[in-house]
Amino acid sequence: MIQLLLYLATIPAANWMIGNFGTTCVPQGPCLVPVGFGLTAPSGVLLIGIALVLRDLVHRDLGARWAAAGVVAGSALSFVIAPPELALASFVAFAVSEALDQAVYTPLRHRRLVLAVIASGVVGAVADSALFLWLAFGSLDHITGQVVGKLWMVGAAAGFLWLRSQRRPAAAAS
């Protein structure tokens, strides 16, 4: 249940960050942060990368309906703290990436959780980034930075899940 609460918090927090936190804030555009390789992205990118993984964990532990409900609830919270056009762009991007995520994550999750998280994270990062940037700002100017930033977080979370899975058998044998 903790992953659901964290997931719900990441969506509005990321949308708030986009307009309020960054190393550079573009007039009539997003606040940006560096994500490596000389790229920048709207500042909520790192939280959304985490959200993509949390969504998979909600799906795994609570089911697909809870993951979908999390998109709706997190997006509703975004409408309270972010401009409506940003919250709407976020909702549409999350809804589409959730559908794509389920198509990729669901068949893989029982066999190879880490692979499922990585594969669905890549698909989700690309779809979410393209839709969000286009709907929120009418431009794909920061798509490479968006995808890279999200994949940093997906990779870190997948690494954590892999390490955790490696420790379980040893702990069970003791």
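Now for a description of the structure that goes with this document. Worth saying up front: this structure is predicted, and the values here are computed from it rather than measured.

Quick look at the pairing of strand 2 (residues 31-36)
At step 1: Two elements, strand 1 (residues 24-25) and strand 2, share two bridges in a ladder whose sense is antiparallel. Its bridge partner being in strand 2, T24 is matched across the sheet by L32.
At step 2: A loop of five residues connects strand 1 with strand 2, the two strands running antiparallel in sequence, and Q28 in this loop sits at a positive phi of about 60°.
At step 3: Sheet topology note: the strand 2/strand 3 (residues 39-42) ladder contains four bridges and is antiparallel. By the bridge assignment for strand 3, V33 is matched with A41.

Topic: the environment of I11
At step 1: Relative to the helices and strands, I11 is located in helix 1 (residues 2-20).
At step 2: Between the C-alpha atoms of I11 and H59, which are 48 residues apart in sequence, the distance is 16 Å.

Quick look at a nonpolar patch on the surface
At step 1: A cluster of nonpolar side chains, M1, I2, L5, L6, L62 and W66, forms an exposed patch at the surface whose accessible area comes to about 610 Å².
At step 2: Residue contributions to the nonpolar patch peak at three residues, all from helix 1.
At step 3: Structurally, L6 can be placed in helix 1.
At step 4: A relative accessible area of 43% places L6 in the partly exposed class.

Let's talk about helix 5 (residues 113-137)
At step 1: In this model helix 5 runs 34 Å from its N-terminal to its C-terminal C-alpha over 25 residues, within 8% of the 36 Å that 1.5 Å per residue would give.
At step 2: Just downstream of helix 5, G138 is the residue with a positive phi angle, here 65°.

Some points on the side chain of S75
At step 1: Within the fold, S75 resides in helix 3 (residues 64-81).
At step 2: Given a relative accessible area of 2%, S75 falls into the buried group.
At step 3: Those residues in contact with S75 that lie beyond four places of it in its chain are I11 and F91.

What to know about the packing of aromatic side chains
Aromatic ring pairs: the centre-centre distance and the angle between the two ring planes describe each pair.
At step 1: Using the criterion set out here, one finds three aromatic pairs in the structure.
At step 2: With 6.3 Å between their ring centres and 75° between their planes, Y7 and F94 make a pair best called edge-to-face. With Y7 in helix 1 and F94 in helix 4 (residues 84-108), this pair connects stretches of sequence that are 87 residues apart.
At step 3: With a relative accessible area of 1%, F94 lands in the buried category.
At step 4: Taken together, a centroid distance of 6.0 Å and an interplanar angle of 5° make the contact between F37 and W152 stacked. One end of the pair, F37, is in the loop between strand 2 and strand 3; the other, W152, is in helix 6 (residues 143-173), and 115 residues separate them in sequence.
At step 5: With a relative accessible area of 68%, F37 lands in the exposed category.

Observations concerning helix 2 (residues 45-62)
At step 1: Over its 18 residues, helix 2 extends 25 Å from the first C-alpha to the last, a length consistent with the 26 Å expected when each residue adds 1.5 Å.
At step 2: Within helix 2, the full set of buried residues consists of V45, I48, G49, A51, L52, V53, L54, R55, D56, L57, V58 and H59.

Conventions we followed
Residues numbered from 1 in each chain as written. Predicted model: local features only at pLDDT ≥ 70, side-chain atom pairs only at ≥ 80, totals over all residues. Heavy atoms only, no water. Pairing = 2+ DSSP bridges. Helix = DSSP H or I, 4+ residues; strand = E, 2+ residues; numbered from the N terminus. Patch = residues over 30% accessible without salt bridge, like charges linked within 9 Å, V, L, I, M, F, W, Y side chains within 5 Å. Areas by Shrake-Rupley, 256 points an atom, 1.4 Å probe, with all protein chains shown as cover. Salt bridge = Lys/Arg side-chain N within 4 Å of Asp/Glu carboxyl O. Buried < 20%, exposed > 50% of the residue type's maximum accessible area, 1.4 Å probe, protein only. Expected span 1.5 Å × (residues − 1). Contact = heavy atoms within 4.5 Å. Phe/Tyr/Trp six-rings, centres within 6.5 Å; stacked < 30°, edge-to-face > 60°.

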